[in-house]
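Now for the letters of each chain:
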Amino acid sequence: MALFSSLTPIFIAIICVLIAAILKKNNGDTEKRETKSKPLSRPWVDEDLKDSTDHQLEEEEVDEEWQGFDENIAHIPFFAERYSEAEMIKRSQEFYKLLNKRRSVRLLSDEPVPREVIDNVIRTAGTSPSGAHTEPWTFVVVQDPVLKHKIREIVEEEEEINYKKRMGDRWVNDLKRLRTNWIKEYLDAAPYLILIFKQVYGRLPNGKKKTHYYNEISVSIACGILLAALQNAGLYTVTSTPLNCGPHLRALLQRPANEKLLLLLPVGYPKKDATVPALTRKPLEDIMVVM
């Protein structure tokens, strides 16, 4: 009896430890379930801009650890060139006049274009801002005739299905006035095709995924700068977003799984007999609100 009495505190202590361990485990399981059920907070992902191709990427891992950025990056003085008000007005007017001449041209010549010009316009596109300066873009320049024709075959095959089945009557009818169809002769004719891929995520040195914040918006801005650079160089294009062609073109061009096709641009000079629709642009008062 005395022995039992002396062991009682030990038994009580053991029972308390077991109860505490069970409670801790239950709390941990609850937290895990809550973490799994709680939606990830990723405000840089725009649901309206998600890629519509049928290629499924594995779910993006959320890595809150170091992303490979230099935390102690140096900040240097910034010296901006300033113009007089008259010069600012003049430059803004001239730039507007230049870009107002930009048109989507589908009748492109096969006349050669200096490669250095292409290099420079892509360098210019690469000056675009991007989320956390991740620069999530890849510009694939295709000049090989055989490869260009393979791209055309892929695009035309899918585009014929798009026009006949996927796009719907309203969409097809809206395009009739622009005289477009699934035949894309410019993909063979243009001296260069520039395919712009967005990098949905990057890779850290340890192999983990690196978050590319606002990757689609960032690449879209870069595309706008690229269009302006092409216009400035005297080159023309038509913005092409071939529906359902992304996975096939990515495979053809041997691009990695983290890249998705955003835009395809045939680039060159217009044919001498090229025509464009007689379109007008909205006046300033219809596109700007001053408050």
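Before reading further, recall that the structure is shown in the block above.
Now for a look at the structure at hand. (Residues numbered from 1 in each chain as written. Predicted model: local features only at pLDDT ≥ 70, side-chain atom pairs only at ≥ 80, totals over all residues. Heavy atoms only, no water.)

Looking only at helices and strands, the protein features nine helices and five strands. Beginning at the N terminus, the succession of helices and strands in the protein can be written as α-α-α-β-α-α-α-β-β-β-α-α-β-α. Here the protein holds 291 residues, and 33% of them are scored as buried. By sequence separation, contacts in the protein at least 24 residues apart represent 83% of the contacts at least 6 residues apart. Accessible surface, the protein as shown: approximately 20200 Å² in total, 56% of it carbon and sulfur. (Helix = DSSP H or I, 4+ residues; strand = E, 2+ residues; numbered from the N terminus. Buried < 20%, exposed > 50% of the residue type's maximum accessible area, 1.4 Å probe, protein only. Contact = heavy atoms within 4.5 Å. Areas by Shrake-Rupley, 256 points an atom, 1.4 Å probe, with all protein chains shown as cover.)

Now for the packing of aromatic side chains. Counted by the stated rule, this structure contains zero aromatic pairs. It is Lys-209 that lies over the ring of Tyr-201; its NZ or CZ is 4.4 Å from the centre. (Phe/Tyr/Trp six-rings, centres within 6.5 Å; stacked < 30°, edge-to-face > 60°. Lys NZ or Arg CZ within 6 Å of the ring centre and 35° of its normal.)

This part covers the packing of helix α3 (residues 115–125) against helix α7 (residues 215–232). Interhelical geometry of α3 versus α7 gives an angle of 145° and a closest axis separation of 8 Å. Both α3 and α7 take part in a crossing whose hand is right-handed. Residues Val-121, Ile-122, Thr-124 and Ala-125 of α3 pack against Ala-222, Ile-225, Leu-226, Ala-229 and Leu-230 of α7. Looking at side-chain class alone, the contact of α3 with α7 contains eight nonpolar, one polar and no charged residues. (Axes fitted to C-alpha atoms, helices over the stretch in contact; angles between N-to-C directions. Left-handed = near helix turned anticlockwise from the far one by under 90°. Nonpolar A, V, L, I, M, F, W, Y, C, P; charged D, E, K, R; others polar.)

The interhelical angle for the contact between helix α2 (residues 85–100) and α7, taken along N-to-C directions, is 90°, at an axis separation of 9 Å. With respect to each other, α2 and α7 are oriented roughly perpendicular. Across from Phe-95, Leu-98 and Leu-99 in α2, the residues of α7 making contact are Ala-228, Gln-231 and Asn-232. When grouped by side-chain class, the residues that make up the contact of α2 with α7 number four nonpolar, two polar and no charged. (Parallel < 35°, antiparallel > 145°, perpendicular 65-115°, else oblique.)

A general feature of soluble globular proteins is that nonpolar side chains tend to end up buried together. In this structure, Ile-118, Phe-139, Ile-194, Ile-196, Leu-226, Leu-265 and Val-267 are the most contacted members of the largest nonpolar core, which totals 22 residues. Breaking this core down by element, the ones donating at least two residues are α3, β1 (137–142), β2 (192–199), α7 and β5 (259–267). Per element, the largest residue contribution to this core is seven residues, and it comes from α7. By size, the runner-up hydrophobic cluster in this structure holds 20 residues, among which are Val-105, Leu-108, Val-142 and Leu-264. (Core = buried A, V, L, I, M, F, W, Y, C linked by side-chain atoms within 4.5 Å.)

Attention shifts here to the pattern of salt bridges. On inspection of all chains with the given rule, the structure shows six salt bridges. In this structure, Glu-216 engages Lys-198 in a salt bridge whose closest nitrogen and oxygen atoms are separated by 2.4 Å. On the criterion of sequence distance, the pair formed by Glu-216 in helix α7 and Lys-198 in strand β2 is long-range, its members being 18 residues apart. Across the pair, exposure class does not vary: Glu-216 and Lys-198 are buried alike. A single salt-bridge network, built from bridges that share partners, covers Arg-152, Glu-156 and Asp-188. (Salt bridge = Lys/Arg side-chain N within 4 Å of Asp/Glu carboxyl O.)

With nine of nine residues buried, β5 is to be regarded as a mostly interior element. Where β2 meets β5, eight bridges bridge the pair, whose relative direction is antiparallel. Of the residues in β5, the one forming a bridge with Leu-193 is Pro-266. (Pairing = 2+ DSSP bridges.)

Turning our attention to α7. Its 18 residues place the ends of α7 26 Å apart at the C-alpha level, agreeing with the 26 Å of an ideal helix rising 1.5 Å per residue. Along α7, the positions that sit buried rather than exposed are Asn-215, Glu-216, Ser-218, Val-219, Ala-222, Cys-223, Leu-226, Leu-227, Ala-228, Ala-229, Leu-230 and Gln-231. Where α7 is buried, its residues touch α2, α3, β1, β2 and β5. Phi for Gly-234, located one or two positions after α7, is positive at around 85°. (Expected span 1.5 Å × (residues − 1).)

That is the geometry; function is a separate question.
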